[in-house]
Amino acid sequence: MGYACACRRGRPYSSVVSTPTVTTVADGVHVATGPDVNWTLLVDGTDVTLIDSGYPRYVGAVVESLARLGRRPEDVRAILLTHAHIDHIGGAAHFASTYGTPVLTSSVEARHARREYLEQAGPADVVRNIWRPGAASWALRITRAGGTRSGAVPDADGFDAVVGTGGALDLPGAPVPVPSPGHTSGHTAYHLPGAGALLTGDALITGHALCRHVGAQMLPNLFAHDREGEIAALDAFTGRDAGVLIPGHGPVLRGSVDAAVDRARRLAGVA
C-alpha cells in the first residue's frame with residue numbers, strides 16, 4: 001500500500017497511509033487520523049499550526065491532510081509537539097529541513113526531540129508484550145511506518161519564545177500549553193479555549209491497538225516513562241472549559257473532560 005503526492009521540486013512522498021481521514025471538530029480545528037495515530041491542524045486564514053506529525057512514513061498523508069484544507073506545507077507556521085515519541089515526530093524533521101518549519105515543544109521535550117536522551121518503548125518492550133491481542137499486526141504496521149527510526153529533529157526548540165498574552169502561543173489557533181509530564185518528562189497537552197477543545201497527546205487517549213477498551217483511558221504501562229507522574233498529570237486536564245477531547249490515539253471524544261479523566265483513573269485502578 002502506498003501513496004504519492006506532488007511536493008516541493010516535484011519529488012513524491014512515500015507513505016504507508018493512502019487516505020488519511022480529516023475531520024473538522026471545531027472552527028479552524030481539524031483532526032487527521034492515520035491507522036495508529038492522530039495529528040491536528042489549526043487553521044487561521046492561510047496559516048496553519050500542525051500539532052504532531054505521525055510516523056516517518058506518514059509524511060505524504062500529512063501533506064495530503066493539508067491539501068484537503070486547501071493548504072500547502074509552506075503554510076505551516078510551526079509544528080507543535082505534544083511529545084517526542086517517533087509516532088508523533090516522524091514528519092517533523094522533513095518539514096524542518098525542507099521548508100524551514102520551526103519545531104516547538106516544551107524546553108525539556110525539545111531535548112528529547114533532538115535525541116539528547118530517549119524515553120521511548122524499544123523493540124525489546126514490544127517483544128515482551130507481543131502476547132497482547134493485536135500486538136503482532138500492530139508491530140508490523142508501525143515498523144513499516146518507520147517506527148524503528150530515530151526521528152531526531154536537530155533544530156527542535158522550546159516554545160517559550162512564542163508565548164503571547166494569557167499563556168497562549170503566538171501561533172495559528174492560539175494553543176495554550178498544558179504541562180502534563182509522565183508519559184515523557186516534557187509531555188505537553190494543548191488547550192484551545194476559543195474552540196472549547198483540549199489536545200491531550202498520549203497522556204489521555206480513547207483507543208489504541210494494544211488497548212482492550214474504547215473510550216477515555218491511559219495507554220498501557222509499557223509506553224510510560226513515569227507511570228505515577230502520568231497518573232498525576234491527569235489533574236492538569238480537569239476544570240478546563242473544553243467539551244471536545246482530541247487524543248493522540250483513538251477517536252475524538254465529545255463531552256465532559258472531567259468525566260473522561262474519572263473514567264481513565266478507574267480503568268487504571270486509581271480512582
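Numbering of residues starts from 1 in every chain and runs along the sequence as written. Restriction of local features to residues with pLDDT of at least 70 applies here, the model being predicted, together with a cutoff of 80 or more for giving and counting side-chain atom pairs; totals for whole chains, interfaces and linings are based on all residues. Hydrogens and water are ignored here; the side-chain numbers use all heavy atoms of the structure.

- Looking at an unreviewed UniProt entry, one finds the chain named MBL fold metallo-hydrolase, with Rhodococcoides corynebacterioides as its source organism.

1. Structural notes on the sheet that holds strand S8 (residues 176-179)
Okay, so step 1: Each pair of strands is called paired provided DSSP finds at least two bridges between the two strands. Note on conventions: DSSP H or I runs of at least 4 residues are helices, E runs of at least 2 residues are strands, and numbering of each starts at the N terminus. The strand order S8-S9-S10-S11-S12 describes an open sheet built from five strands, whose pairing is mixed. The open sheet has two edge strands with one neighbour each: S8 and strand S12 (253-254).
Okay, so step 2: For S8 and strand S9 (residues 188-192), the ladder comprises four bridges, and the chain directions are antiparallel. Note that in S9 the partner of proline 177 across the bridge is tyrosine 190.

2. Here we look at the nonpolar core
Okay, so step 1: Trp39, Leu41, Ile79 and Phe95 are the most contacted members of the largest nonpolar core, which has 41 residues in total.
Okay, so step 2: For this core, the secondary-structure elements that each account for two or more residues are strand S3 (38-44), strand S4 (47-51), helix H1 (59-68), strand S5 (76-80), helix H2 (86-89), helix H3 (92-99) and helix H6 (135-144).
Okay, so step 3: Here this core takes five residues from H1, the largest share from any one element.
Okay, so step 4: For our purposes a nonpolar core is just a set of buried Ala, Val, Leu, Ile, Met, Phe, Trp, Tyr and Cys residues, chained together by side-chain atoms within 4.5 Å. Throughout this description, buried means an accessible area under 20% of the type-specific maximum (1.4 Å probe, protein chains only), exposed means over 50%, and partly exposed covers the range between. If you look at the next biggest cluster of nonpolar residues, it comprises 18 residues, including Val29, Ala78, Tyr190 and Val244.

3. A few points about the pattern of salt bridges
Okay, so step 1: A side-chain nitrogen of Lys or Arg and a carboxyl oxygen of Asp or Glu constitute a salt bridge if their distance falls within 4 Å. Enumeration according to the criterion identifies nine salt bridges in this entry.
Okay, so step 2: For the salt bridge of arginine 128 with aspartate 125, the shortest nitrogen-to-oxygen distance reads 2.6 Å. Placement of both arginine 128 and aspartate 125 in helix H5 (residues 123-128) is noted, with a separation of three residues, approximately one turn of the helix.
Okay, so step 3: Accessibility expressed as a relative area gives 55% for arginine 128, which makes it exposed.
Okay, so step 4: In this structure, the salt-bridge partner of arginine 227 is glutamate 230, at a minimum N-O distance of 2.8 Å. One end of the pair is arginine 227 and the other is glutamate 230, both in helix H7 (residues 227-233) and three residues apart, which spans about a single turn.
Okay, so step 5: Among the residues examined, arginine 227 registers a relative accessible area of 24% and is labelled partly exposed.
Okay, so step 6: What makes glutamate 230 buried here is its relative accessible area of 1%.
Okay, so step 7: One continuous salt-bridge network, built from bridges that share partners, spans Arg111, Arg114 and Glu116.

4. Focus on the layout of surface pockets
Okay, so step 1: If you add up the space inside the largest pocket, you get close to 490 Å³.
Okay, so step 2: Within the residue set of the lining of the largest pocket, elements represented by two or more residues are H2, H5 and H6.
Okay, so step 3: Per-element tally for the lining of the largest pocket: the top contributor is H6, with four residues.
Okay, so step 4: Counted as a void, the second largest pocket has a volume near 330 Å³.
Okay, so step 5: Together, 17 residues line the second largest pocket, and Cys211, Arg212, His213, Gln217 and Pro220 are the ones closest to its centre.
Okay, so step 6: As a working rule, the residues Ala, Val, Leu, Ile, Met, Phe, Trp, Tyr, Cys and Pro are called nonpolar, Asp, Glu, Lys and Arg charged, and the rest polar, with Gly in that last group. In terms of residue class, the lining of the second largest pocket is built from eleven nonpolar, three polar and three charged. Of the grid points, spaced at 1 Å and generated over the protein atoms alone, those admitting a 1.4 Å probe that cannot get out make up cavities, while open sets with protein on both sides within 12 Å along at least five of seven lines make up pockets; any residue with an atom within 4 Å of a point is treated as lining. Grid points are joined across faces, edges and corners, and a volume is the space filled by probe spheres set on the points.

5. Re the environment of threonine 101
Okay, so step 1: With respect to the secondary-structure elements, threonine 101 resides in the loop between H3 and strand S6 (103-105).
Okay, so step 2: By relative accessible area, which is 5% here, threonine 101 ends up buried.
Okay, so step 3: Between the alpha carbons of threonine 101 and glutamate 74 there is a distance of 7.9 Å; along the sequence they are 27 residues apart.
Okay, so step 4: Here a residue-residue contact requires only that any non-hydrogen atoms of the pair lie within 4.5 Å. With near-sequence residues (within four places) excluded, threonine 101 lies in contact with Val76, Arg77, Ala78, Ile79, Phe95 and Ala96.
Okay, so step 5: A polar side-chain atom of threonine 101 sits 3.3 Å from the main-chain carbonyl oxygen of phenylalanine 95. Contacts described as polar in this section are N or O atom pairs within 3.5 Å, which, within protein, must combine one atom able to donate a hydrogen with one able to accept it, while residues neighboring in sequence count only if both atoms come from side chains.

6. Overview of the environment of valine 108
Okay, so step 1: Turning to its location among the elements, valine 108 is positioned in helix H4 (residues 107-113).
Okay, so step 2: Not counting chain neighbours up to four residues away, the residues in contact with valine 108 comprise Tyr117, Ser185 and Gly186.

7. What about the sheet that holds S6?
Okay, so step 1: Pairing in this open sheet of seven strands is mixed, and the strands run S1-S2-S3-S4-S5-S6-S7 from one edge to the other. Of all strands in the sheet, those with a lone pairing partner are strand S1 (21-26) and strand S7 (157-158), marking the two edges.
Okay, so step 2: Here S5 runs beside S6; their pairing, made up of two bridges, is parallel. When the sheet's bridge partners are listed, isoleucine 79 is paired in S6 with valine 103.

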